[in-house]
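Below, each chain spelled out in residue letters.
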Amino acid sequence: MTKIICTTLLVEKSPQALPLGAACVASAIKHYAGTEKECDVKLISFSREDEEILPLKSDEEKADFIACRLLEENPQIVCMSVFVWNRTIFELCAERLHKQGVIIIAGGPEITAHPDIFEGTFDYTVCGEGEIKVPCLIESIIFNKPYSPETFPKSLDLKDIPSPYLDDTIDPTEFGGALWELARGCPFKCSYCYESKGEKTVRLFPEERIDKELELFAQKKVPQVFVLDPTYNANKERALALLKKIARLTPDTFYYFEARAEFIDRQLAKAFTKINCALQIGLQSADENVLRKVNRSFNKKLFVKNIGILNQEGVTFGLDLIYGLPGESFASFREGINFAVGLYPNNIEIFCLSVLPGTDLFDRAQELNLTFEQTPPYNIIKTDKFSPEDKKKASTLAQACSYFYNDGRAVPWFMTICRSLKTKPAAFFEQFYDYAGKNKITLDCCEHKIIEENQIKFITSLYKQRQLDRYTKAAADIIRFNGAISRKTATGISEKIRLTYPPEYIDSQYSLDLDFFIKNVHPKPCEIKI
Ligand code: SF4
């Protein structure tokens, strides 16, 4: 029996971080006729946030730890799933394993992007999908058979791939959630994405497999599922049919979908409200010219209209933005934040552009005047419109937005406060960042009650500066009331709060306009139980 370990190092510990790629390869080796009876396959995954790994300072120490743990299993072959965040550690780890005679096969996005540079680091590299190539390679190693990767099809027929959930290779309950692959490929070709040089086709996993996986999630009571299908809603009939099954079989599971705003309509929005879910929508920039440069189509009018449908139907959604895109200036990035917040998303995720090897953007970097880090994570350093100083400012804006808006659960009242101050969201976040620095507020704290108190203190200080103190009590009531409701929803724990104004008015259309509110609602201090 050849002992084989499939492994990866995950970026974080979260229900969204599962070793799915490594599990798919492990599952494929188990099922491959050429190695089925010859191999003992095990999946061992690590996370950068594992309690043994987190305190280790250097990549060398992390590589030592992982190598020692893997060697305890006495493997003959180790298959590594290599990503931007684990590449250096796995290169060092491979050195240590080699010394013990272990054969290393490496695959994953980092290998696919530039297989040539790893010569000598790993024994074998596998580009693209590994579910057929890796088992064939292992068969060739065990039986000394020829292996010709060029004979494999460019992309696999998904009906030939076993499910790592259905054969018990991976148990989603161990990770607190599942990544659910419904499709591979994407009909779009955004320049910064690995799909930019793909075939522009979408391959769907067979309905039978998807149904069985859904039944398994129901049986195991999986609390959260992240759907991996970048354009889930592109095929409306398929999306509606699956939403119905999800509602019937897993009514208590929370789902996260990636969606394209242009494919949203009322019927689909209503169907999303029938399950527990949130949609994440890539906006990336609000500037059509910038998006054109990265090959993204964007119809602003349609985007606003369809996001409006989500808001009208009460669908929870978030938006993604990227800073450092070619053609984006700091001013247009700020406008992107203003535009995004004005659409009332539940959260805004702001990322620094990575110019990933293997993407169209990487190939065109010189033509587009992009300067970026030459080692992972390949973050942008500057463009002809975005200086390193702009990058710093964008990063501070992202931190302030994440703390104040996302972790601060500010969506119900944020625009009301901005309007009362006649301030736009980006300017508001910048002022908050300065305030946080002066008042020693650490922006990585996620405890909502603490964030809420900081929100109230900051807004109180702004009203004071601008002689708008008349709004302070109403604003504090609205923030406390909504904050307590969000905590009750999240934890189920009731709490008592003191208010200056009657709750029935705080929880009404009146509270959308602070000026109208204080002129028409009379204070009536009270304590209420949420
Ligand atoms: S970013 Fe999303 S929509 Fe664009 S090509 Fe990649 S997967 Fe497709």
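Refer to the structure printed above.
Because the structure is a prediction, the values reported are computed rather than measured.

Counting secondary structure elements, the protein contains 20 helices and 17 strands. What you see for the protein is a C-alpha radius of gyration of 25 Å, in line with the 24 Å of a compact globule of 530 residues. Along the longest, intermediate and shortest principal axes, the C-alpha atoms of the protein span 85 × 50 × 45 Å. Expressed as a percentage of its 530 residues, the buried residues of the protein come to 52%. Excluding contacts between residues fewer than 6 apart, the proportion of contacts in the protein whose partners are at least 24 apart in sequence is 71%. Summing over all exposed atoms, the protein offers an accessible surface of approximately 24600 Å²; the carbon and sulfur share of this is 51%. Each charge class in the protein can be summarised by its mean position, and for the 67 positive and 73 negative side chains these summaries are 8 Å apart.

Turning our eyes to something else, we now look at the packing of aromatic side chains. In the structure shown here, the tally under the stated rule is 37 aromatic pairs. Arranged with centres 5.1 Å apart and planes meeting at 55°, the rings of Tyr435 and Phe458 form a pair that is tilted. Of this pair, Tyr435 sits in helix H16 (residues 425–438) while Phe458 is found in helix H17 (residues 448–465), placing the two residues 23 residues apart along the sequence. With a relative accessible area of 2%, Phe458 lands in the buried category. Look at Tyr510 and Phe516: their rings are 5.3 Å apart centre to centre, the planes differ by 85°, and that puts the pair in the edge-to-face class. When its relative accessible area of 33% is taken as the criterion, Tyr510 is described as partly exposed. Above the ring of Phe188, the side-chain terminus of Arg260 is found at 3.8 Å from the ring centroid. Above the plane of the ring of Phe339 lies Lys300, whose end atom (NZ or CZ) is 4.9 Å from the centre.

So, about the site of the ligand. Taken together, Cys186, Phe188, Lys189, Cys190, Cys193, Glu195, Pro230, Arg260 and Arg296 make up all the residues around the ligand. Residue classes in the shell around the ligand are distributed as five nonpolar, no polar and four charged.

With nine bridges joining them, strand E1 (residues 2–10) and strand E2 (residues 39–47) adopt parallel strand pairing. The residue bridging Leu10 from the neighbouring strand is Ser47, located in E2.

Bringing the side chain of Asn86 into the picture now. Summarising the element assignment, Asn86 is placed in the loop between strand E3 (77–81) and helix H3 (87–99). A distance of 3.2 Å separates a polar side-chain atom of Asn86 from the backbone oxygen of Ser81.

The parallel open sheet is built from six strands, whose spatial order is E6-E9-E10-E11-E12-E13. Each edge of the open sheet carries a strand with a single partner, namely strand E6 (178–181) and strand E13 (347–352). For this sheet the average axis-to-axis angle between neighbouring strands, irrespective of direction, equals 25°. Pairing between strand E11 (residues 276–284) and strand E12 (residues 316–323): six bridges, direction parallel. From the neighbouring strand, Ile281 faces E12, where its bridge partner is Leu319. The strands touched by helix H7 (residues 207–219) are E6, strand E9 (224–228) and strand E10 (254–259); relative to E6, the strand with the most contacts, the crossing angle is about 165°.

The next thing to look at is the nonpolar core. Ranked by internal contacts, the top residues of the largest apolar core, which has 131 residues, are Trp180, Phe257, Phe414, Phe428 and Phe429. Here the element with the most residues in this core is helix H14 (residues 388–407); it accounts for eight residues. Beyond its immediate sequence surroundings of up to four residues, Phe429 is in contact with Ile337, Val341, Leu397, Ala400, Cys401, Phe404, Tyr405 and Phe414. The next biggest cluster of nonpolar side chains, apart from the first, holds 24 residues, and it includes Ile53, Ile89, Leu92 and Ala106.

Time to look at the packing of helix H12 (residues 330–341) against H14. The interhelical angle for the contact between H12 and H14, taken along N-to-C directions, is 15°, at an axis separation of 10 Å. What the angle tells us is that H12 and H14 run roughly parallel. Helix-helix and strand crossings are classified by hand; for H12 and H14 the assignment is right-handed. Residues Phe330, Phe333, Arg334, Ile337 and Val341 of H12 touch H14, and the partners they reach there are Asp390, Lys393, Ala394, Leu397 and Tyr405. For the contact of H12 with H14, the class distribution of residues is seven nonpolar, no polar and three charged.

Attention now moves to the sheet that holds E3. On the basis of which strands lie adjacent, the open sheet formed by five strands has the order E2-E1-E3-E4-E5 and parallel pairing. The open sheet is flanked by E2 and strand E5 (124–125), the only strands paired with a single partner. Summarising the sheet, strand E4 (residues 103–107) and E5 pair through two bridges and their orientation is parallel. Counted as the bridge partner of Ala106 is Thr125 from E5.

So, on to the pattern of salt bridges. Inspection of every chain in the model, using the stated rule, returns 38 salt bridges. Measuring nitrogen to oxygen at the nearest pair gives 2.8 Å for the salt bridge that ties Glu262 to Arg260. Assessed through its relative accessible area of 28%, Glu262 is described here as partly exposed. By relative accessible area, which is 8% here, Arg260 ends up buried. Connected through shared salt-bridge partners, Lys3, Lys42, Arg69, Glu72 and Glu73 make up one network.

Right, let's get into H16. Here H16 is 14 residues long and its end C-alpha atoms lie 20 Å apart, about the 20 Å a rise of 1.5 Å per residue gives. Of the residues making up H16, those classed as buried are Pro425, Ala426, Phe428, Phe429, Phe432, Tyr435 and Ala436. Those residues of H16 hidden inside the fold are in contact with H12, H14, helix H15 (414–421) and H17. Remark: Lys440 follows H16 within two positions and exhibits a positive phi of approximately 55°.

About the thresholds
Residues numbered from 1 in each chain as written. Predicted model: local features only at pLDDT ≥ 70, side-chain atom pairs only at ≥ 80, totals over all residues. Heavy atoms only, no water. Helix = DSSP H or I, 4+ residues; strand = E, 2+ residues; numbered from the N terminus. Rg over C-alpha atoms; globule rule 2.2 N^0.38 Å. Buried < 20%, exposed > 50% of the residue type's maximum accessible area, 1.4 Å probe, protein only. Contact = heavy atoms within 4.5 Å. Areas by Shrake-Rupley, 256 points an atom, 1.4 Å probe, with all protein chains shown as cover. Lys, Arg positive; Asp, Glu negative; His and termini not counted. Charge placed at Lys NZ, Arg CZ, Asp CG, Glu CD. Phe/Tyr/Trp six-rings, centres within 6.5 Å; stacked < 30°, edge-to-face > 60°. Lys NZ or Arg CZ within 6 Å of the ring centre and 35° of its normal. Near = heavy atom within 4 Å. Nonpolar A, V, L, I, M, F, W, Y, C, P; charged D, E, K, R; others polar. Pairing = 2+ DSSP bridges. Polar contact = N/O pair within 3.5 Å; in protein donor to acceptor, adjacent residues only side chain to side chain. Axes fitted to C-alpha atoms, helices over the stretch in contact; angles between N-to-C directions. Core = buried A, V, L, I, M, F, W, Y, C linked by side-chain atoms within 4.5 Å. Parallel < 35°, antiparallel > 145°, perpendicular 65-115°, else oblique. Left-handed = near helix turned anticlockwise from the far one by under 90°. Salt bridge = Lys/Arg side-chain N within 4 Å of Asp/Glu carboxyl O. Expected span 1.5 Å × (residues − 1).

Just geometry here; none of it tells us what the structure is for.
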